[in-house]
Amino acid sequence: MEIFSSYNLIIGASLIVVLSFWFNGISKKTNIPSVLMLIVLGIILQYALKSFMPNLPNFDGALELLGIIGLIMIVLEAALELELKKSKIIPILKATAIALLGLIGSAWVAALILHYFIEDMSIQSAWLYATPLSILSSAIIIPSVSGLSEHKKEFHIYESTFSDIMGIMMFYFLIGGLNPSEGTGVTAFAGNIALTISIALIASYAIILVFQRIKSQAKQFLLIAVLLLLYAIGKKMHLSSLIIILIFGLVIANVKLFFPGKTKVFLESERIHQIYHELHIITLETAFIVRTFFFVIFGITIVLSSLFNLTVVFVSLLIIVSIYIIRFIILKLFLGKDITPQLFIAPRGLITVLLFYNIPKEAQVATFESGILLFVIIATSLVMTWAMIKDKRKMNTLLDEIDEEVMERNEAEDILNNTDDHEIENMEPQDNTLKASKGE
């Protein structure tokens, strides 16, 4: 029987989606990232498939395609939830600074570790390998922080989104450095960003003005197709395409801010609200599906034996320790004392894998073990899981203490009221005024 027949693929894909939905439910109750469960499912499928066929097909192409679409959907999903107000400026700037410093600091230390401990690893290649390992995973963070307080949840959405974008920009800037003839200095890089932002704003206004006039109900996937087209063309032009997706999401989510004063006459408010609402739902659903299959396929491609290599374990632990030390210093500087569970919410995931598969051949190092990638992803996700569970227990304990205090206060008030009533009943008739004050 052909294991990859059409009906078998439909059955398998459907069961994976059902299991992923179930994993999300488990994740909300236990704070264990659903991504970890999806990777484990992929590993189980890997061994199940190997029992039927010794040589598995190459999934690298599917993994890259799913990673790109997933990245676009996740950033768009995050941007649609970002509300731009004057009161949000400081939190946004603070989260951006933390994301940037964390990215550069973690990449610098990780590059030194890789350069020193991995044979034949040049410092330039080390920076390329270190950058994916230094980017926060919004694919893991955003679905996982829904139970935190509003300001902490917002901080993690801002930080992880900006870490994704700046990490990707930094990665491709480093790749540009491999070909000095193309002119990718700081000035050229700044010009690239300015050009990308200009194109993003023009495209965002054009899309909103055109799509609000489309009367057809089936236009959301047309809109997503246009965004994917812009992203791909931007990549071909060596632009920071993810900025286009981010800015479009921000514009449509904060349309009143981008169409101030008399420019509001160009808007059809009801249609814009409908487009935003429908796009938000479709983006959420698409991100869920793409994320599901990306991490399952990643699990299928994992070589577990590499995790038991002593060099892999040692190098991975050094990188992980450096991540949290650098994060502790930065959060202390910017946030003060209240840095839990934020300190431990620093998982690596989708973008780490995606960028790893995009390292150019001329920068690839044969002695680098991909197990380092897997070890860091799993370890940082487990640390986040532990921190979220601990924070949840702490919150429950705090709520229990508040309930106990309220109950004790109510009991004390009841005793006091009963005592006062008893004393008033035993008073002489001349104390009628005091009785009246009690409402008798």
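Note that the coordinates shown come from a computational prediction; the quantities given were computed from them, not determined experimentally. (Residues numbered from 1 in each chain as written. Predicted model: local features only at pLDDT ≥ 70, side-chain atom pairs only at ≥ 80, totals over all residues. Heavy atoms only, no water.)

Further remarks concern the overall build of the protein. Along the backbone of the protein there are 16 helices and zero strands. Taken over 440 residues, the protein has a buried fraction of 45%. Accessible area for the protein stands at about 23000 Å²; split by element, carbon and sulfur atoms hold 66% of it. (Helix = DSSP H or I, 4+ residues; strand = E, 2+ residues; numbered from the N terminus. Buried < 20%, exposed > 50% of the residue type's maximum accessible area, 1.4 Å probe, protein only. Areas by Shrake-Rupley, 256 points an atom, 1.4 Å probe, with all protein chains shown as cover.)

What follows covers the nonpolar core. Membership of the largest hydrophobic core comes to 127 residues, with the highest contact counts inside it found for Leu71, Leu114, Phe248, Ile319 and Ile372. Sorting elements by how many residues they give to this core places helix α12 (residues 269-301) first, with 13 residues. (Core = buried A, V, L, I, M, F, W, Y, C linked by side-chain atoms within 4.5 Å.)

At their nearest, the axes of helix α7 (residues 150-176) and helix α13 (residues 310-335) sit 15 Å apart, and the two run at 125° to each other. Considering their axes alone, α7 and α13 lie oblique with respect to each other. In the crossing of α7 with α13, the sense of the turn from one axis to the other is right-handed. Here α7 contributes Phe155, His156 and Glu159 to the contact with α13, which in turn contributes Arg327, Leu331 and Leu335. Its residues placed into classes, the contact of α7 with α13 shows three nonpolar, one polar and two charged. (Axes fitted to C-alpha atoms, helices over the stretch in contact; angles between N-to-C directions. Parallel < 35°, antiparallel > 145°, perpendicular 65-115°, else oblique. Left-handed = near helix turned anticlockwise from the far one by under 90°. Contact = heavy atoms within 4.5 Å. Nonpolar A, V, L, I, M, F, W, Y, C, P; charged D, E, K, R; others polar.)

With respect to the helices and strands, the residue Leu331 is situated in helix α13. Taking the relative accessible area as the measure of exposure, Leu331 reaches 0% and is therefore buried. Here the alpha-carbon distance between Leu331 and Gln342, two residues eleven residues apart in the chain, equals 8.2 Å. With residues up to four places along the chain from it excluded, the contact list for Leu331 reads Ile98, Phe155, Gly336, Ile339, Gln342 and Leu343.

Let us look at the packing of aromatic side chains. Given two aromatic rings, one states the distance between the centres and the angle between the planes to describe the pair. Across all of its chains, the model carries twelve aromatic pairs by this definition. Each ring, one from Phe356 and one from Tyr357, has its centre 5.7 Å from the other, and the planes form 75°; the classification is edge-to-face. A cation sits over an aromatic face here: Lys50 above Tyr47, 5.6 Å from the ring centre. Over the ring of Tyr172 we find Lys235, and its NZ or CZ is 3.7 Å from the ring centre. (Phe/Tyr/Trp six-rings, centres within 6.5 Å; stacked < 30°, edge-to-face > 60°. Lys NZ or Arg CZ within 6 Å of the ring centre and 35° of its normal.)

Following both chains from N to C, one finds helix α2 (residues 34-50) and α12 inclined at 45°, their axes separated by 6 Å at the closest point. By the angle between their directions, the pair α2 and α12 is classed as oblique. Where α2 crosses over α12, the handedness of that crossing is right-handed. Here α2 contributes Val35, Leu38, Ile39, Leu41, Gly42, Ile43, Leu45 and Gln46 to the contact with α12, which in turn contributes Arg291, Thr292, Phe295, Val296, Phe298, Gly299, Ile300 and Thr301.

A few words now on a nonpolar patch on the surface. A contiguous nonpolar surface patch, about 500 Å² in accessible area, is contributed by Val321, Ile325, Phe328, Ile329 and Leu333. Within the fold, Ile325 resides in helix α13. Under the relative-accessibility criterion, Ile325 is labelled partly exposed at 48%. (Patch = residues over 30% accessible without salt bridge, like charges linked within 9 Å, V, L, I, M, F, W, Y side chains within 5 Å. Salt bridge = Lys/Arg side-chain N within 4 Å of Asp/Glu carboxyl O.)

In this section: α7. Helix length check: α7 (27 residues) gives 39 Å between terminal C-alpha atoms against 39 Å at 1.5 Å per residue, within 8%. Most of α7 is tucked away, with 21 of its 27 residues classed as buried. (Expected span 1.5 Å × (residues − 1).)

Summarising the element assignment, Ser163 is placed in helix α7. With a relative accessible area of 2%, Ser163 lands in the buried category. Ignoring anything within four residues of it in the chain, the contact list for Ser163 reads Ala99, Ser134, Ile135 and Leu136.

A word on the environment of Asn31. With respect to the helices, strands and loops of the structure, Asn31 is situated in the loop between α1 (6-30) and α2. Between the C-alpha atom of Asn31 and that of Lys390, which follows or precedes it by 359 residues, the distance is 9.7 Å. The residues contacting Asn31, other than those within four sequence positions of it, are Ile26, Thr385, Met388, Ile389 and Lys392.

Another point: the confidence of the model for the protein. In the predicted model, the protein carries a mean pLDDT of 85, and 88% of its residues have values of at least 70. This model gives residues 434-440 a pLDDT under 50, and the stretch forms eight contacts once residues within four places in sequence are excluded. (pLDDT = per-residue confidence, 0-100.)

What follows covers the pattern of salt bridges. A side chain of one charge can pair with a side chain of the opposite charge if their charged atoms are brought near each other. What the rule picks out here adds up to five salt bridges. Linking Glu154 and Lys88 is a salt bridge whose minimum nitrogen-to-oxygen distance equals 2.4 Å. Pair noted here: Glu154 is in helix α7 and Lys88 is in the loop between α3 (60-80) and α4 (89-117), with a separation of 66 residues, a long-range link. Of the two residues, Glu154 and Lys88, both sit in the buried class. Where Arg213 meets Glu268, a salt bridge forms, and the shortest distance between an N and an O atom there is 3.9 Å. Linking Arg213 in the loop between α8 (186-211) and α9 (220-236) with Glu268 in the loop between α11 (255-258) and α12, this pair joins segments that are 55 residues apart in sequence.

The next subject is unusual backbone geometry. For the peptide bond that leads from Thr340 to Pro341, omega is 5°, which places it in the cis range. As for its position among the elements, Pro341 is in the loop between α13 and α14 (350-356). Backbone geometry places Asp120, a non-glycine residue, at a positive phi of 70°. Within the secondary structure layout, Asp120 lies in the loop between α4 and α5 (123-133). When its relative accessible area of 62% is taken as the criterion, Asp120 is described as exposed.

Position of Ser134 relative to the elements: it lies in the loop between α5 and α6 (138-144). By relative accessible area, Ser134 is classed as buried at 3%. Those residues in contact with Ser134, other than ones at most four positions away along the chain, are Leu103, Ser106, Ala107, Ser163 and Arg348.

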